[in-house]
Amino acid sequence: MRAAVLHETGQTKLEVLDDLEAVGFGPGRVRIRIRATGLCHSDLSAMTGVLPQPVPFVPGHEAAGDVVDVGDGVTRVRPGDRVLVSWLPACGDCPSCRRGQTQLCLSGLMNAGTPNFRRPSGDVFGFAGTGTFAEEIVVAADAAVPVPDDVPYDIAALIGCGVTTGIGAAVNTADVGAGSSVAVIGCGGVGICAIQGARLKGAAQIVAVDPVPARREAALRFGATEAVAPDALGDAKQRLTGGEGFDYVFEVVGKSVTARTAYETTRRGGTLCVVGAGAMDDVLGLNMFELFFDEKRILPSMYGGGDALTSFERSIALWRAGRIDLAGLITHRLPLARVNEALELMRTGEGLRTCIEI
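Counting restarts for each chain: residues are numbered from 1 in the order of the written sequence. The predicted origin of the model limits local features to residues at a pLDDT of at least 70 and limits the giving and counting of side-chain atom pairs to 80 or more, whereas totals for whole chains, interfaces and linings rest on all residues. Hydrogen atoms and water are omitted, and side-chain values are computed over all heavy atoms in the structure.

Attention shifts here to the side chain of R215. With respect to the helices, strands and loops of the structure, R215 is situated in helix α5 (residues 213-221). Exposed residues in this analysis have more than 50% of their type's maximum accessible area, buried residues have under 20%, and partly exposed residues fall in between, with area computed by a 1.4 Å probe over protein chains only. Only four residue types enter the tally: Lys and Arg on the positive side, Asp and Glu on the negative side; His and the chain ends are excluded. The term salt bridge refers to a side-chain nitrogen of Lys or Arg lying within 4 Å of a carboxyl oxygen of Asp or Glu. For the buried R215, which has no salt bridge, the nearest side chain bearing the opposite charge is D210, at an N-O separation of 4.1 Å. Under the rule applied, a polar contact is a pair of N or O atoms within 3.5 Å (in protein, one hydrogen donor and one hydrogen acceptor; residues adjacent in sequence only if both atoms are side-chain atoms). From its side chain, R215 meets the backbone oxygen of G349 in a polar contact 3.2 Å long. Per the convention used, a helix needs a DSSP run of H or I reaching at least four residues, while a strand needs a run of E reaching at least two, with both numbered from the N terminus.

Here it is, written out as structure tokens:
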């Protein structure tokens, strides 16, 4: 079967090959024919080494498709079912799951160290234990989440990661208050979803911050009340909050420099929500006096900060009701053979989400 492979960390292009085989099928496992997969910035971060990932590997973790086969003991799905891929399935039995913090379950991520594919030349891993830039994948049954047939594959794919992450950050993690002021730093697909989440929660002011003019324009269509370049954020803070700072600030870039800006843009007693996934050696500096004196809440948000299955259902209900725009997030559609064009679109900041149709 075909899949896009990165051979070495730091390479800028993927090689689309046709000699891969999805491995690991057996009891408790599901084989999925991928139909659509979104390109998320985390895929690019894994390619550059910002996020740890063994090589060679197949990127991709935001996808939907059809169940081809199920192993012994699998009862939730059956062949022919339409499913989305959850890259962080909850085991239901670890301490995090028992506490109700299923988004912190590590059982799924532990599979990232087990090869997902095989070539004649050797093993190939899948990003985050999935690797959805491929025609077929094999995952644990809990990672195959059924979705209704009226949900298109591309919409279901986005719900599997970017939508859940962005909307969940605003709704679950930060719990944005009605009538509040919000700033979102970084307005790609996840940032736009954080904007939609803040709008759903009734925020009165939502300022989108991004260096790319097209993304700022898009943010206004999705619910931002104002959109500014990063160098104009200070002026927006002064004009809209009297210099006090915003009630909620979302950092959706994953870098310490933007997290520091987000901290300084948050009012005393306000909430900084860190959504971007950054590097282990990129350290955020805070002095102990400001940490105590400002009493700002710093809330990281992992996979939307709540139960993923509940978040999936909520997003489908909101999409059906027309309360959130998911189709508008997809600005480009490309076949797997043109995946490197999709990577370049992300590097340049053009568009919001590219859907790879397989």
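We are not done yet, so read on.
Note: two strands are recorded as paired if DSSP finds a minimum of 2 bridges between them. Read across the sheet, four strands follow the order β3-β8-β9-β5 without closing on themselves; strand pairing throughout is mixed. A strand with exactly one partner marks an edge of an open sheet, and here the two such strands are β3 (21-22) and β5 (57-58). Strand direction decides the pairing type here: β5 and strand β9 (residues 122-126), joined by two bridges, are parallel. Its bridge partner lying in β9, F57 is registered against F125.

Here we take up the packing of aromatic side chains. Two rings from Phe, Tyr or Trp (for Trp, the six-membered ring) form a pair when their centres are within 6.5 Å of each other. A pair whose planes differ by under 30 degrees is stacked, one over 60 is edge-to-face, and the rest are tilted. One pass over the full model with this rule turns up four aromatic pairs. Judged by centre distance (4.7 Å) and plane angle (35°), the rings of W87 and Y303 are tilted. Taken as a pair, W87 in the loop between β7 (82-85) and α2 (95-98) and Y303 in the loop between β17 (297-300) and α9 (308-320) lie far apart in primary sequence, 216 residues in all. For W87, a relative accessible area of 13% translates into the label buried. With a centroid separation of 5.1 Å and an interplanar angle of 15°, the aromatic rings of F289 and F293 are classed as stacked. Separated by four residues within a single helix, F289 and F293 lie in helix α8 (residues 288-294), roughly one turn from each other. By relative accessible area, F293 is classed as partly exposed at 40%. Only lysine NZ and arginine CZ atoms are considered, and such an atom sits over a ring when it is within 6 Å of the ring centre and within 35 degrees of the ring normal. Its guanidinium or amino end placed over the ring of F25, R31 lies 5.1 Å from that ring's centre, counting from NZ or CZ. The ring of F293 is capped by R268, whose NZ or CZ atom sits 4.1 Å from the centre of that ring.

Only buried residues count toward a nonpolar core, which is a set of Ala, Val, Leu, Ile, Met, Phe, Trp, Tyr and Cys residues joined through side-chain atoms within 4.5 Å. One finds I32, V58, V182, I195, F250 and L329 to be the most contacted residues of the largest nonpolar core, which totals 100 residues. A total of 11 residues in this core trace back to one element, the largest contributor, which is helix α3 (residues 153-173). Inspection of this core shows a minimum of three residues originating in each of domain 1 (3-161 + 306-357) and domain 2 (165-300). Beyond its immediate chain neighbours, meaning those up to four positions away, V182 contacts V176, A198, A203, Q205, I206, V207, F246, Y248 and F250. Membership of the second largest hydrophobic core comes to 12 residues, among which are A236, F246, V249 and A262. In this entry, domain limits derive from an automatic or database-based domain assignment. The criterion used for residue contact is that any of the two residues' heavy atoms lie within 4.5 Å.

The subject of this paragraph is the domain arrangement of the chain. The domains assigned to the chain are domain 1 (3-161 + 306-357) and domain 2 (165-300). A C-alpha centroid distance of 27 Å is found between domain 1 and domain 2. Contacts between the two partners involve 18 residues from domain 1 and, on the opposite side, 22 residues from domain 2. Both sides of the domain 1 and domain 2 interface together cover about 1600 Å² of buried area, and 58% of this is carbon and sulfur. On the domain 1 side of the contact with domain 2, R314, L329 and L352 bury the most area, a combined 29% of that side's loss. Summed over the shared surface of domain 1 and domain 2, the result is six residue pairs in polar contact (both at pLDDT 80 or more). The greatest single-element share of the side of domain 1 that touches domain 2, amounting to three residues, is contributed by α9. Residues of the side of domain 1 that touches domain 2, tallied by class, amount to eight nonpolar, six polar and four charged. A 1.4 Å probe defines the accessible area here, and the buried area is the portion of it lost by two parts on being joined, summed over both. Think of it as three bins: nonpolar holds Ala, Val, Leu, Ile, Met, Phe, Trp, Tyr, Cys and Pro, charged holds Asp, Glu, Lys and Arg, and polar takes everything else, Gly as well.

Bringing helix α4 (residues 189-200) into the picture now. The end-to-end C-alpha distance of α4 is 17 Å, a good match for the 16 Å that 12 residues give at a rise of 1.5 Å each. In terms of burial, α4 is a largely internal element, 10 of the 12 residues being buried. When α4 is considered as a whole, its buried residues turn out to be G189, V190, G191, I192, C193, A194, I195, Q196, G197 and A198. Where the residues of α4 are buried, they touch α3, β12 (181-185), β13 (205-209), α5 and β19 (353-357). In the segment just after α4, G202 is the residue with positive phi, at about 90°. To estimate the expected span of a helix, count its residues, drop one, and scale the result by 1.5 Å.

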